[in-house]
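A structural walkthrough
Below, each chain spelled out in residue letters.
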Amino acid sequence: MTDPSGHLPVLLDTVLDLLSPRPGETAVDLTAGRGGHAEALARRVAPGGRILLCDLDAGNLAFASERVRAVPGTELASMHGSFARADREATRLGWRADVVLADLGFASTQMDDPARGFSFQADGPLDMRLDPTRGESAADLLARIREPDLADAIFELGEDPFSRRIARTIVERRSRAPLRTTQELASAVVAAYGARARDSRMHPATRTFMALRILVNDELGALRTLLAALEQGGREAAAGSGWLRPGCRAGIISFHSLEDRLVKHAMADWERAGLGERVTRKPAEASDVELATNRRARSAKFRVFRFAPEMRADR
Ligand SMILES: C[S@@+](CC[C@H](N)C(=O)[O-])C[C@H]1O[C@@H](n2cnc3c(N)ncnc32)[C@H](O)[C@@H]1O
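In short, a report on the structure. (Residues numbered from 1 in each chain as written. Predicted model: local features only at pLDDT ≥ 70, side-chain atom pairs only at ≥ 80, totals over all residues.)

We now examine the overall build of the protein chain. Helix and strand content of the protein chain: 13 helices and 7 strands. Rg of the C-alpha trace for the protein chain: 20 Å, near the compact-globule value of 20 Å for 315 residues, within the 12% margin. Projected onto its principal axes, the C-alpha positions of the protein chain cover 60 × 45 × 40 Å. Expressed as a percentage of its 315 residues, the buried residues of the protein chain come to 48%. In the protein chain, the proportion of contacts linking residues at least 24 apart, taken out of those at least 6 apart, comes to 68%. (Helix = DSSP H or I, 4+ residues; strand = E, 2+ residues; numbered from the N terminus. Rg over C-alpha atoms; globule rule 2.2 N^0.38 Å. Buried ≥ 20, exposed ≤ 12 C-beta atoms within 10 Å, placed from the backbone. Contact = placed C-beta atoms within 7 Å.)

Here you go:
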């Protein structure tokens, strides 16, 4: 990692190529993060363009906003909160988007900060909230969740075949003392793996940590709400209302097969409903050159939809 922002934006050239932001347009970066994509989008919509930044993480939002503010010729607005509310914020501003981008998940700076509790690589409080000022931490969730629900989450969101054994070990340990730190959770997972830990290619706790992060932040719920808002925006666009302008390009970068499946099915449904067309039939992925410098890009899948310039009256 050599980027001074602490996070290398994935698929940057492909994002610009497929979303094709133009001078004077309005862009919405739903996951501003460290501002790599946002700054590039801002440069493309200048002069006369506008950009709305959203992030659950106030620190990231401030950092990205600074980068965008330094780009001359763009008007900036920012919203601290979930992108599930971005449609309402754009409507409140009276802005209609020509370009929408979501780069899902977490930024490297969040993962690398032990105080955020996302990683088992260093010890820290078991938090995992993208917005640490709101909602339930991973420690609080682990203190109350039922064993079968925990096992299902580790299986479905983490795809860990030892989910039942892991859930049982966590529940046994919490009956003696609450799990409060990343190392306490990691050690419970390693114990559940037992001798199998030696055969595991990745750290045994990798999948459990991913599952908990997705659960704590309701990441699939937020994505479903966003997809519904995009569909609604697409329907309203031609009528001259809503938060998307006719012809809006919406792109989503996902890092998890469940997320990619939701995006893929939504875009296929929108196309069948006559709302526009898929720009990507298969997701765009990182090149070998990018993979050599950015490991995070290895699971990135980028799908883009172009909403119709005008809709037929019967829809
Ligand atoms: C992969 S990073 C984005 C990186 C960014 N594209 C860049 O170039 O630096 C994902 C960001 O999205 C934020 N995030 C995740 N889920 C969110 C949600 N539901 N609403 C708003 N922000 C979210 C995270 O806090 C994180 O800062």
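So, on to the site of the ligand. Neighbouring the ligand are 21 residues; Pro9, Thr31, Gly33, Arg34 and Gly36 lie closest to it. Those elements that provide at least two residues to the shell around the ligand are α2 (36–45) and β2 (49–55). By residue class, the composition of the shell around the ligand is 8 nonpolar, 9 polar and 4 charged. (Near = placed C-beta within 6 Å. Nonpolar A, V, L, I, M, F, W, Y, C, P; charged D, E, K, R; others polar.)

Running from amino to carboxyl end, helix α11 (residues 219–237) crosses helix α12 (residues 257–272) at an angle of 15 degrees, the nearest separation of the two axes being 11 Å. The angle between α11 and α12 falls in the class roughly parallel. By crossing handedness, the relation of α11 to α12 is classed as right-handed. Residues Leu220, Leu223, Arg224, Leu227, Glu231 and Gly234 of α11 form the contact with α12, whose participating residues are Leu258, Glu259, Leu262, Ala266 and Trp270. Its residues assigned to classes, the contact of α11 with α12 comprises 7 nonpolar, 1 polar and 3 charged. (Axes fitted to C-alpha atoms, helices over the stretch in contact; angles between N-to-C directions. Parallel < 35°, antiparallel > 145°, perpendicular 65-115°, else oblique. Left-handed = near helix turned anticlockwise from the far one by under 90°.)

Once that is clear, we can look at the nonpolar core. Soluble globular proteins tend to bury their nonpolar side chains together. By size, the foremost hydrophobic cluster in this structure holds 57 residues, and its most contacted members are Leu41, Ile51, Leu53, Ala97 and Val100. The element contributing the most residues to this core is α11, with 6 residues. (Core = buried A, V, L, I, M, F, W, Y, C linked by C-beta atoms within 7 Å.)

As a further point, take the pairing of strand β7 (residues 301–307). Among the 7 residues in β7, 7 count as buried, and that is most of the element. In this sheet, β7 lies alongside strand β5 (residues 244–254) in antiparallel orientation, the contact comprising 6 bridges. Pairing of arginine 249 across the sheet is with arginine 306, part of β7. (Pairing = 2+ DSSP bridges.)

Okay, the sheet that holds strand β3 (residues 74–80) next. Within the open sheet, the 7 strands sit side by side as β3-β2-β1-β4-β5-β7-β6. Their pairing is mixed. A single partner strand is all that each edge strand has here, and the edge strands are β3 and β6 (276–278). Neighbour-to-neighbour, the strand axes of this sheet turn through a mean angle of 15 degrees, independent of strand direction. Of the pairings in the sheet, the one linking strand β1 (residues 26–29) to strand β4 (residues 97–103) comprises 3 bridges and is parallel in character. Looking at β4, one finds that alanine 27 is bridged to valine 99.

Turning next to the pairing of β1. Burial along β1 is two-sided: Thr26 and Val28 facing one way and Ala27 and Asp29 facing the other are all buried. Handedness of the crossover is the feature at issue here: the chain leaves β1, passes through α2, returns alongside β2, and the resulting connection is right-handed. (Right-handed = clockwise from strand over helix to strand, strands pointing away.)

Any functional reading would require information beyond the geometric quantities listed.
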